[in-house]
Amino acid sequence: MTGAILFANPANEGTFWFPPQASTGAEAVDFAYNFIYWVSVVSFVVVVSLMCFFALRYRRRARGELPPERTASHNTVLEVGWSIPVALTGGILFYLGAVSFLDSRSPPSDAYEISVKAMKWAWSFTYPNGHTSPNLHAPSGRPVRLVMSSDDILHSLYIPAFRLKQDVVPGRYTEVWFEATEPGEYQIFCTEYCGTKHSEMLAKAVIQTPEAFTRWLDEASNILDRLPPDEAGKQIFSARGCVACHSVDGRAGVGPSLLGIFGKTQKFVDGTTTVADENYIRSSILNPASQVVEGFNPVMPSFQGSLKDKEIDAIIAYIKTLK
Amino acid sequence: MTATTMPMDTSEPTYLTQARGALSWLLTLDHKRIGIMYLVVTSASLFLGGVFALLVRTELLTPGETIMTHDTYNRMFTLHGAVMVFLFIIPAIPAAIGNFVLPLMLGVKDVAFPRLNLASFYVWVLGALVLVASMYMSAIDTGWTFYAPYSTSKAVGSATSVGTSAMGAFILGFSSIFTAINFIATINKMRPLGMSWFKMPLFLWALYATAIIQVLATPVLAITLLLLAIERAFGLGIFNPALGGDPVLFQHFFWFYSHPAVYIMILPAMGIISEVVSVFSRKHIFGYKFIALSSLAIAFLGFLVWGHHMFVSGQSPLMSIIFSALTFTVSVPSAIKVFNWLATMYKGSIWLATPMIYALAFIFLFAIGGLTGMFLGTLNVDVHLHDTYFVVAHFHYVMVGGTLMALLSGLYYWWPKFFGRMYSEAGARVGAVLVFIGFNGTFFPQFILGSRGMPRRYYAYLPQYQGLHMLSTVGAFILGIGLATAFGVLVYAAFRGRRAPANPWGANTIEWQTASPPPSYNFHDQPEAGDPYDFEGWVYDAGTDGYVKKPAVVA
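Residues numbered from 1 in each chain as written. Chains lettered and ligands numbered in written order. Predicted model: local features only at pLDDT ≥ 70, side-chain atom pairs only at ≥ 80, totals over all residues. Heavy atoms only, no water.

## Observations concerning the overall build of chain A
For step 1, the next point in the chain: A count of helices and strands for chain A gives 8 helices and 12 strands.
For step 2, the next point in the chain: On C-alpha atoms alone, chain A measures out to a radius of gyration of 28 Å, which is more than a quarter above the 20 Å that the 2.2 N^0.38 rule sets for 323 residues.
For step 3, the next point in the chain: Overall size of chain A, expressed as C-alpha extent along the three principal axes, is 95 × 50 × 45 Å.
For step 4, the next point in the chain: Burial status across chain A gives 48% buried among its 323 residues.
For step 5, the next point in the chain: Relative to all contacts within chain A whose residues are 6 or more apart in sequence, the contacts with residues 24 or more apart total 61%.
For step 6, the next point in the chain: Carbon and sulfur atoms provide 57% of the accessible area of chain A, an area that totals close to 15,400 Å². (Helix = DSSP H or I, 4+ residues; strand = E, 2+ residues; numbered from the N terminus. Rg over C-alpha atoms; globule rule 2.2 N^0.38 Å. Buried < 20%, exposed > 50% of the residue type's maximum accessible area, 1.4 Å probe, protein only. Contact = heavy atoms within 4.5 Å. Areas by Shrake-Rupley, 256 points an atom, 1.4 Å probe, with all protein chains shown as cover.)

Listed below in structure tokens is the structure:
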């Protein structure tokens, strides 16, 4: 393997240090980063060169040797003198960072609003018309404001290509905004540690031209009308993040696999049993803590109020097909 | 006759030979023996934390599962962080080296409260056992930061709770406070005649500033952990929003302690570097007052910057801006120290023995650690870099590149005093080179990973990050071998090394005026305190390969 393959930057588009720049705010961040980078490189080179030069030039030749001449051990002018550039640099960096930070925290009033829900271990994005998707779809060239909340614990939404990050805090709303410049797909990470599958709490930011975005939203919003219930259910199942914990191939995950579950007898942690019928599935979605299957933890959030009856019908239809 | 101030009489028992048997160690009130016991337990913690680190790095060789599952990985990095922070970096320099050296540097028999000193050791051992055992048994996977509400939600550690682990950290805090009170009292009340505040060795200034932080900040950690325990035990809503609490409040509490704790870790390290750079340049430390006062400035400012850990936490932008501004003020006293060390080397007589090699490594790595702090203090850049590998690289450059290098520098420097034996210079240098290469190999690639967006605490990662992760893992193993070599050379020296002279380096701080190793009571007579960085009174003596006091002029 050559170094180029090993160490090449991800998307092949970014620079050595950065992912690609895909939002209007990214440039200011990279400018500040590059500024600090060069200040650091110069400071580091000066400090380390002096250190190495002194270590070699003034090397002790005999063990008893004292320095050849007595030099000053104190100089107040020098001390104050070298502190000033350090303080000034700090001031410049503070200013550079604060101005662009304030911009990134002040969304324009005409921004398109998308509400973001974080839960262990999936994202869901809800658009003004009520449609919900597991990836963030947004138009390019238009400010987008994300209003975020968490169902369980702390998470953090991070889109490296937009240089954007904000914690998602249970019990309060946090907001952040961006304006994407280029259509494309960009990685979304969770960057606040959230337990077992923290590193798999991923999504994509799918940026489309405003026309393509509107078309996508229209089509995606009416799957319940367009598709047969089991197929619509399959899409909802992945769109709402169910698939993160419930496999459909028999492998146990954080939650039980749903393969062949319909009609089977379920055993619960409290020792009771029941046959998995429509009512059981419905109550497991709306009130998951009431019947926890043996061998699993009560970690699933309730979907009460966030899944409509028709959507639950579709999910049940889909689960019936898993044989 | 050689100078009478040099008790070279080998028949006199040393603190090591004064009494024998396990009980003579376990019940000792001698600060030197307590220091050595601390050295043993903190080194064992370093080893344990290092094993966890290597397991973590091995798992990260490949993007998916390499040797362990999600949950095991999460527990491993939690254990690594908690053991390294609470059991190694915080106590290593003050409790081990500080305990041994502080009374010797003051020319006194012991610390102000020897019994409290021994108590602090046993409280430490108890806290460490509770912490490690409970984390292991309860399968704690919250990260060493114990962020709520994950740490307080019932699902964590399925069987039991973080309550017991928090209790472990709580107990360790008492040990930390005991040592700090002891050091403050000793330095305030027991300085010898002639040692005014500004005649004190800089290592003591550093320990003093550290002790002040420990006394003021540790109770806040205790309060936080207590609140956490109360929330879990009684379901009282403090941090958990499900109960009406606020998770961001936990972060404020946590970092109000843990940011000053960063200075608990680095200030004593800087103190060691000040001693070593001056002694091995055989030149008076440059800018003594500025270095001394910068320790106090760092201790003070360290209390005002905790919010820079929380720029994206949901705290208000105004607070983030204030904390960013305050953060940059810390760069001034830190830079002052580095510049003064360089100025001390200027026109010195520089001896590149192992302590000095580690000191130079410290300056090199701390420069990178400090400069990369500017990226993280700058608000908009931090938004991109927060909770990525850039942060991981940054704090390892400060904690390992800084504190661990200084610890090694200090151990090699005072080892002859600890055990009366010299180490093998060749072996020690091999270790130092391996440590330096391994360290940079491990952590430099992580700056690149972080800038490219790789989040921290990730068990699985996208394939594009694999090359740099592999490099980092290889570096970690080299670092491991280097540290094993460095400690191996020291342990070998302690038993088999050549006999050390009283003052092998020509240093003028008081601990070098007694024998190596010192007798139990430290000094025959009350030693004189002069300028600790005036080396002209010492001449090289080829017979002992050490330095002896210049004979008085009348002779």
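## Remarks on helix H2 (residues 31-59) of chain B
For step 1, the next point in the chain: Its 29 residues give H2(B) an end-to-end C-alpha distance of 42 Å, which sits within 8% of 42 Å, the value for a rise of 1.5 Å per residue.
For step 2, the next point in the chain: Between a side-chain oxygen at the N-terminus of H2(B) and the backbone nitrogen of B:Lys32 the separation is 2.8 Å; the capping residue is B:Asp30. (Expected span 1.5 Å × (residues − 1). Polar contact = N/O pair within 3.5 Å; in protein donor to acceptor, adjacent residues only side chain to side chain.)

## Some points on the environment of B:Pro94
Residue and element names in this part refer to chain B.
For step 1, the next point in the chain: Relative to the assigned elements, Pro94 resides in helix H3 (residues 70-106).
For step 2, the next point in the chain: Pro94 sits in the buried class, given a relative accessible area of 4%.
For step 3, the next point in the chain: Sequence spacing of Pro94 and Tyr208 is 114 residues, and the spatial spacing of their C-alpha atoms is 9.8 Å.
For step 4, the next point in the chain: Non-local contacts of Pro94, meaning those with residues more than four positions away in its chain, are made with Asn99, Phe183, Leu207, Thr210 and Pro268.

## Observations regarding the packing of aromatic side chains
The way to describe two aromatic rings as a pair is by their centre distance and the angle between their planes.
For step 1, the next point in the chain: Tallying each qualifying case throughout the model produces 76 aromatic pairs over all chains.
For step 2, the next point in the chain: For the pair A:Tyr58 and B:Tyr346, a centre-to-centre distance of 5.9 Å together with 85° between the ring planes defines the contact as edge-to-face. Within this pair, whereas A:Tyr58 is found in the loop between helix H2 (26-57) and helix H3 (76-104), its partner B:Tyr346 is found in the loop between helix H9 (317-345) and helix H10 (354-377), the two belonging to separate chains.
For step 3, the next point in the chain: The buried category is assigned to A:Tyr58, whose relative accessible area is 12%.
For step 4, the next point in the chain: Residue B:Tyr346 is classed as partly exposed on the basis of its relative accessible area, which comes to 36%.
For step 5, the next point in the chain: With a centroid separation of 6.1 Å and 35° between ring planes, the pair formed by A:Tyr158 and A:Phe189 is classed as tilted. Of this pair, A:Tyr158 sits in strand E6 (residues 155-159) while A:Phe189 sits in strand E9 (residues 184-190), and the two are 31 residues apart along the sequence.
For step 6, the next point in the chain: The side chain of B:Arg33 reaches across the aromatic face of B:Trp25, ending 4.3 Å from its centre. (Phe/Tyr/Trp six-rings, centres within 6.5 Å; stacked < 30°, edge-to-face > 60°. Lys NZ or Arg CZ within 6 Å of the ring centre and 35° of its normal.)

## Here we look at the packing of H2(A) against H3(A)
All names here are of chain A.
For step 1, the next point in the chain: Running from N to C, H2 and H3 cross one another at 165°; their axes reach a closest spacing of 9 Å. By the angle class used here, H2 and H3 are roughly antiparallel. Once H2 is placed against H3, the crossing between them reads as left-handed. Taken together, the residues of H3 that come into contact with H2 (itself represented by Ala28, Val29, Phe31, Ala32, Phe35, Ile36 and Val39) are Thr89, Ile92, Leu93, Leu96 and Ser100.
For step 2, the next point in the chain: Residue composition of the contact of H2 with H3, grouped by class: 10 nonpolar, 2 polar and no charged. (Axes fitted to C-alpha atoms, helices over the stretch in contact; angles between N-to-C directions. Parallel < 35°, antiparallel > 145°, perpendicular 65-115°, else oblique. Left-handed = near helix turned anticlockwise from the far one by under 90°. Nonpolar A, V, L, I, M, F, W, Y, C, P; charged D, E, K, R; others polar.)

## As for the sheet that holds strand E5 (residues 143-150) of chain A
Sheet strands pair via backbone hydrogen bonds, and the direction of the pair is either parallel or antiparallel.
All names here are of chain A.
For step 1, the next point in the chain: Sheet architecture is open: 5 strands sit in the order E3-E2-E1-E5-E8, paired in mixed fashion. Lying at the two open borders of the sheet, with one neighbouring strand each, are strand E3 (132-133) and strand E8 (174-179).
For step 2, the next point in the chain: Where strand E1 (residues 112-119) meets strand E2 (residues 122-126), 5 bridges bridge the pair, whose relative direction is antiparallel. Residue pairing across strands places Lys117 opposite Ser124, the latter belonging to E2. (Pairing = 2+ DSSP bridges.)

## Some points on the side chain of A:Gln266
Residues and elements named next belong to chain A.
For step 1, the next point in the chain: Looking at the secondary structure, you find Gln266 in strand E11 (residues 265-267).
For step 2, the next point in the chain: Its relative accessible area of 6% is what places Gln266 among the buried residues.
For step 3, the next point in the chain: Gln266 has contacts with Ile261, Thr272, Thr273, Thr274, Ala276, Tyr280 and Val293, leaving out every residue within four places of it along the chain.

## Let's talk about the interface of chain B and chain A
For step 1, the next point in the chain: With 102 residues of chain B at the contact, the number on the chain A side is 87 residues.
For step 2, the next point in the chain: Our count for the chain B to chain A interface comes out at 4 salt bridges.
For step 3, the next point in the chain: For B:Asp545, the salt bridge identified is with A:Arg63, shortest N-O distance 2.9 Å.
For step 4, the next point in the chain: Where chain B touches chain A, the interface holds 35 residue pairs in polar contact (both at pLDDT 80 or more).
For step 5, the next point in the chain: Mapped by element, the contributors of at least two residues to the side of chain B that touches chain A are H3, helix H7 (247-281), helix H8 (288-301), H9, H10, helix H11 (379-385), helix H13 (425-451) and helix H14 (466-496) of chain B.
For step 6, the next point in the chain: Classifying every residue of the side of chain B that touches chain A gives 62 nonpolar, 26 polar and 14 charged. (Salt bridge = Lys/Arg side-chain N within 4 Å of Asp/Glu carboxyl O.)

## So, the sheet that holds strand E7 (residues 164-168) of chain A
Residue and element names in this part refer to chain A.
For step 1, the next point in the chain: A sheet is described by the order of its strands in space; here 5 strands give the open sequence E4-E10-E9-E6-E7, paired in mixed fashion. Two strands close off the open sheet at either side, each with one partner strand: strand E4 (136-139) and E7. Geometrically, the sheet is characterised by an average inter-axis angle of 20° between neighbouring strands, direction not taken into account.
For step 2, the next point in the chain: Pairing geometry for E4 and strand E10 (residues 203-208), over 4 bridges, is parallel. Note that in E10 the partner of His137 across the bridge is Val206.
For step 3, the next point in the chain: Of the strands in this sheet, E4 and E10 are in contact with helix H4 (residues 210-221), which crosses E4 at around 135°.

## Observations concerning H4(A)
Residues and elements named next belong to chain A.
For step 1, the next point in the chain: A rise of 1.5 Å per residue sets the reference length of H4, with its 12 residues, at 16 Å; its end C-alpha atoms lie 16 Å apart and thus fit the reference within 8%.
For step 2, the next point in the chain: Within the sequence span of H4, burial applies to Ala212, Phe213, Trp216, Leu217 and Ala220. Looking down the long axis of H4, one finds its buried residues gathered within 135° of arc, a one-sided arrangement. For H4, exposure combined with an orientation more than 90 degrees from the buried face picks out Glu211 and Arg215. (Arc of directions from axis to C-beta.)

## Thoughts on the environment of A:Phe162
For step 1, the next point in the chain: With respect to the helices and strands, the residue A:Phe162 is situated in the loop between E6 and E7.
For step 2, the next point in the chain: Under the relative-accessibility criterion, A:Phe162 is labelled buried at 3%.

## Quick notes on the layout of surface pockets
All names here are of chain A.
For step 1, the next point in the chain: Quantified by volume, the second largest pocket comes out at close to 710 Å³.
For step 2, the next point in the chain: Residue lining of the second largest pocket: 36 residues in total, with His131, Thr132, Ser133, Arg240 and Glu311 positioned closest to the centre.
For step 3, the next point in the chain: Put simply, the parts of the chain that give the lining of the second largest pocket at least two residues each are E1, E2, E3, H4, helix H5 (223-226), helix H6 (229-239) and helix H8 (309-321).
For step 4, the next point in the chain: Looking at side-chain class alone, the lining of the second largest pocket contains 10 nonpolar, 17 polar and 9 charged residues. (1 Å grid on protein atoms, 1.4 Å probe; cavity = no way out; pocket = protein on both sides within 12 Å on 5 of 7 lines; lining within 4 Å. Points joined across faces, edges and corners; volume = space filled by probe spheres on them.)

## Comments concerning empty space enclosed by the protein
Think of a ball as big as a water molecule: rolled over the atoms, this probe shows where empty space is left.
For step 1, the next point in the chain: Counted according to the given criterion, the structure contains 7 cavities of 30 Å³ or more.
For step 2, the next point in the chain: Elements with a contribution of two residues or more to the lining of the largest cavity: helix H7 (278-286) and H8 of chain A.
For step 3, the next point in the chain: The greatest single-element share of the lining of the largest cavity, amounting to 4 residues, is contributed by H7(A).
For step 4, the next point in the chain: By residue class, the composition of the lining of the largest cavity is 26 nonpolar, 7 polar and 2 charged.
For step 5, the next point in the chain: Contributing to the lining of the second largest cavity are 17 residues, with B:Phe86, B:Ile90, B:Pro91, B:Leu172 and B:Ser176 lying nearest its centre.
For step 6, the next point in the chain: Those elements that provide at least two residues to the lining of the second largest cavity are H3, helix H5 (163-189) and helix H6 (202-234) of chain B.

## Let's talk about a nonpolar patch on the surface
Residue and element names in this part refer to chain B.
For step 1, the next point in the chain: Residues Leu23, Leu26, Leu27 and Tyr122 make up a contiguous nonpolar surface patch of about 400 Å² in total accessible area.
For step 2, the next point in the chain: If you trace the backbone, Tyr122 turns up in helix H4 (residues 114-137).
For step 3, the next point in the chain: Among the residues examined, Tyr122 registers a relative accessible area of 35% and is labelled partly exposed. (Patch = residues over 30% accessible without salt bridge, like charges linked within 9 Å, V, L, I, M, F, W, Y side chains within 5 Å.)

Take it as geometry only, folks, not as evidence of what the structure does.
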